[in-house]
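Chain by chain, the residues run as shown.
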Amino acid sequence: MAIFRGKQRDELKGSLMNYIIHCNEEIDTDVLVDKINNSLPFKEQIKTSDSFTSSVNILVTTGAGNTIQGGADIWTNHFLKTIWPKLPKRKNWRLLIDSKRPVDFDSESLPKGLVFHFHGDDPNKTDEWLKECMGIYYLHSHYHKREHIWKYESKFKTIFVHAYPKEMQEVINKVPELKRLQFNTKVEPEFYNDFLQSFKKRIWIGNNPSSLLDDFPNYTYTIPNFYEFKYNKKPSKELSNKIGFASRIESRKCVHWMHGHNGYILSSKYDYQNLKDTSAYSFPNIKFYEWDMSIHDSFMKKDFDIFHGAYFKEPFGYSIFQAVDYGKIPIIHTDWAKKVDYKYRASTKNEFDKVVKKIQSDNEKTRFVEFAKLKTYMKTFQDKEVWTNKILEKFF
């Protein structure tokens, strides 16, 4: 029999009380047991009537809940909140978060009743889950081999692809200036192609074309992400001379183009410092803020009017959508959203610098016309119900 003391006792007590206080007309005992089990090693967990059977499926992701690091985590949260409740026998779906548990992770940030497990908490529990489950479905994957999951490839069913490593590597090889920079994540393009081949279905979440669809022509589908506009701010009448960047620091996102400009960066402190330590970029006129989703709103309200969104091979561009929502004028890559006749584009540092000057020299009306064209395009991706129906149609 397990005994909870100290911090573990307080956390469990808070979780149970929060559920009981906020539940509606009924209390689901399975939820109570799940909350207790989340605090126990696998071998000590309380057995329930629906303890692992062949009908259980596993959803795998790299991050979820309140510890958002990028667009993929936001997408995953949308899936868990909107799609998971609509899945058949939803209690038979478990969430495996294939990473270490963040220090500030809040279990209440996940949907109530969803059983989850961080691989870093107990690798043996991960293996038990995967060994006994019927199917494995990836919401978001790492881009390198994960041996503890790869050995169960025969159970792989569907994977959502948020970025294609082959294209990420091609960018590095073709653009000399990027070769000096470093990925902020481990990428193995050759393995990832074998990995993708193992799935029954692949779903590309981007709004931009990808060679993924050519490399895997069969049972590969496109269901673009969605974005619901919340703020609908208009561009400032008086333009500041500052530029903003709020995204992960990856080589292909060219944050180094901010060097020589005034502005702000919101991103990972480690990746930012690593870039400065391994390159000649010092960003003397940039004020840096360490990434934290809780300060994203205040950051986007700062006194910058131009947003750096000129990322190579950007699948969807969630941060670009956010920038437009806050009334910022984004500089986007030449190859992103090519359907739009939008002139503020760049594919090199030199082009980027010229576009900054162009935006600053254009009058208010011209800037607003360009902004409106891009936002009109983006609003074609705001129907959450359409996204939900398409996901449910292709997921199985």
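As shown above, the structure is provided for reference.
Since the model is a prediction, treat every value here as computed from it, not as a measurement. (Residues numbered from 1 in each chain as written. Predicted model: local features only at pLDDT ≥ 70, side-chain atom pairs only at ≥ 80, totals over all residues. Heavy atoms only, no water.)

Peer 1: I tried to follow empty space enclosed by the protein on my own but got confused; where do I start?
Peer 2: If a probe as big as a water molecule is rolled over the atoms, it shows which places are left empty. All told, the structure shown has 2 cavities of 30 Å³ or more when counted by the stated rule. Empty space within the second largest cavity amounts to approximately 80 Å³. As for the second largest cavity, its lining consists of 15 residues, of which Tyr138, His142, His144, Arg146 and Phe195 are closest to the centre. Listed by contribution, the elements that provide at least two residues to the lining of the second largest cavity are strand E1 (57-61), helix H5 (147-150) and helix H8 (189-197). Among the residues making up the lining of the second largest cavity, the classes are represented as 6 nonpolar, 6 polar and 3 charged. (1 Å grid on protein atoms, 1.4 Å probe; cavity = no way out; pocket = protein on both sides within 12 Å on 5 of 7 lines; lining within 4 Å. Points joined across faces, edges and corners; volume = space filled by probe spheres on them. Helix = DSSP H or I, 4+ residues; strand = E, 2+ residues; numbered from the N terminus. Nonpolar A, V, L, I, M, F, W, Y, C, P; charged D, E, K, R; others polar.)

Peer 1: Would you mind showing me how to read the sheet that holds strand E13 (residues 345-346) here?
Peer 2: One key point about sheets: their strands pair by backbone hydrogen bonds, in either a parallel or an antiparallel sense. With respect to topology, 6 strands assemble into an open sheet ordered E10-E9-E8-E11-E12-E13, the strand pairing being parallel. Edge positions in the sheet fall to strand E10 (286-290) and E13, since each of these pairs with one other strand and no more. Both strand E8 (residues 242-246) and strand E11 (residues 306-309) contribute to a ladder of 2 bridges, which runs parallel. What sits directly across from Gly244, in E11, is Phe307. Across the face of the sheet, helix H10 (residues 269-277) comes into contact with strand E9 (262-267) and E10 while running at roughly 140 degrees to E10. (Pairing = 2+ DSSP bridges. Contact = heavy atoms within 4.5 Å. Axes fitted to C-alpha atoms, helices over the stretch in contact; angles between N-to-C directions.)

Peer 1: How should I be thinking about the side chain of Ser247 in this particular structure?
Peer 2: Mapped onto the elements of the fold, Ser247 is located in the loop between E8 and E9. Residue classification places Ser247 among the buried positions, given a relative accessible area of 10%. In this structure the side chain of Ser247 is engaged in a polar contact, spanning 2.6 Å, whose partner is the side chain of Lys253. What Ser247 contacts, discounting residues up to four positions off in sequence, is Lys253, Leu266, Ser267, Tyr311 and Ser319. (Buried < 20%, exposed > 50% of the residue type's maximum accessible area, 1.4 Å probe, protein only. Polar contact = N/O pair within 3.5 Å; in protein donor to acceptor, adjacent residues only side chain to side chain.)

Peer 1: For this particular structure, what's the right way to read the pattern of salt bridges?
Peer 2: Where charged atoms from two side chains of opposite charge approach closely, those side chains can pair. Taken as a whole, this structure holds 17 salt bridges when the rule is applied. Between Glu250 and Arg252 there is a salt bridge; the shortest N-O distance is 3.3 Å. Linking Lys358 and Asp362 is a salt bridge whose minimum nitrogen-to-oxygen distance equals 3.3 Å. On the basis of relative accessible area, Lys358 is assigned to the partly exposed category, the value being 39%. Its relative accessible area of 9% is what places Asp362 among the buried residues. (Salt bridge = Lys/Arg side-chain N within 4 Å of Asp/Glu carboxyl O.)

Peer 1: Got a minute to help me understand the pairing of E10 in this structure?
Peer 2: As a general feature of sheets, a regular strand has side chains that alternate between the two faces. The pairing of E9 with E10 spans 5 bridges and is classified as parallel. Within E10, the position partnered with Leu266 by the bridge is Tyr289. Taking the sense of rotation as the criterion, the β-α-β connection linking E9, H10 and E10 turns out right-handed. (Right-handed = clockwise from strand over helix to strand, strands pointing away.)

Peer 1: Is there a simple way to think about the environment of Phe199 in this case?
Peer 2: Along the chain, Phe199 turns up in the loop between H8 and strand E6 (201-204). Using a relative accessible area of 4% as the deciding quantity, one classes Phe199 as buried. Separated by 78 residues in sequence, Phe199 and Asp121 place their C-alpha atoms 27 Å apart. What Phe199 contacts, discounting residues up to four positions off in sequence, is Ile136, Tyr138, Phe156, Lys157, Thr158 and Ile159.

Peer 1: I would appreciate a short explanation of the sheet that holds strand E5 (residues 156-161) in the present structure.
Peer 2: Reading across from one edge, E3-E2-E1-E4-E5-E6-E7 is the order of the 7 strands in this open sheet, with parallel pairing throughout. Strands at the two margins of the open sheet, each flanked by one partner only, are strand E3 (115-118) and strand E7 (220-222). Averaged over all adjacent pairs, the angle separating strand axes in this sheet is 20 degrees, with direction ignored. As paired elements, E1 and strand E2 (residues 93-97) share 5 bridges and run parallel to each other. Residue pairing across strands places Val60 opposite Leu96, the latter belonging to E2. With respect to the sheet, H8 is in contact with strand E4 (135-138), E5 and E6, its orientation differing from that of E5 by roughly 125 degrees.

Peer 1: Honestly, the nonpolar core in this entry has me stumped. Any pointers?
Peer 2: Considering soluble globular proteins, one finds that nonpolar side chains tend to be buried as a cluster. Within the largest apolar cluster, 85 residues are counted, with the highest numbers of intra-cluster contacts made by Leu59, Phe79, Leu80, Leu95, Phe160, Ile331 and Met378. Apart from residues lying up to four places away in sequence, Leu59 is in contact with Phe79, Leu80, Trp84, Trp93, Arg94, Leu95, Leu96, Tyr137, Leu139 and Phe395. Core analysis: the next-biggest nonpolar cluster, separate from the first, contains 29 residues, Trp129, Tyr143, Val161 and Leu196 among them. (Core = buried A, V, L, I, M, F, W, Y, C linked by side-chain atoms within 4.5 Å.)

Peer 1: Looking at this structure, I do not really get unusual backbone geometry. What am I missing?
Peer 2: Generally, phi is negative for residues other than glycine and the peptide bonds are trans, each holding for most cases. We note that Tyr219 has phi near 55 degrees; this positive angle belongs to a residue other than glycine. Relative to the elements of secondary structure, Tyr219 occurs in the loop between helix H9 (212-215) and E7. With a relative accessible area of 55%, Tyr219 lands in the exposed category. With a phi angle near 50 degrees, Phe283 is a residue other than glycine that sits in the positive phi range. Given a relative accessible area of 3%, Phe283 falls into the buried group.

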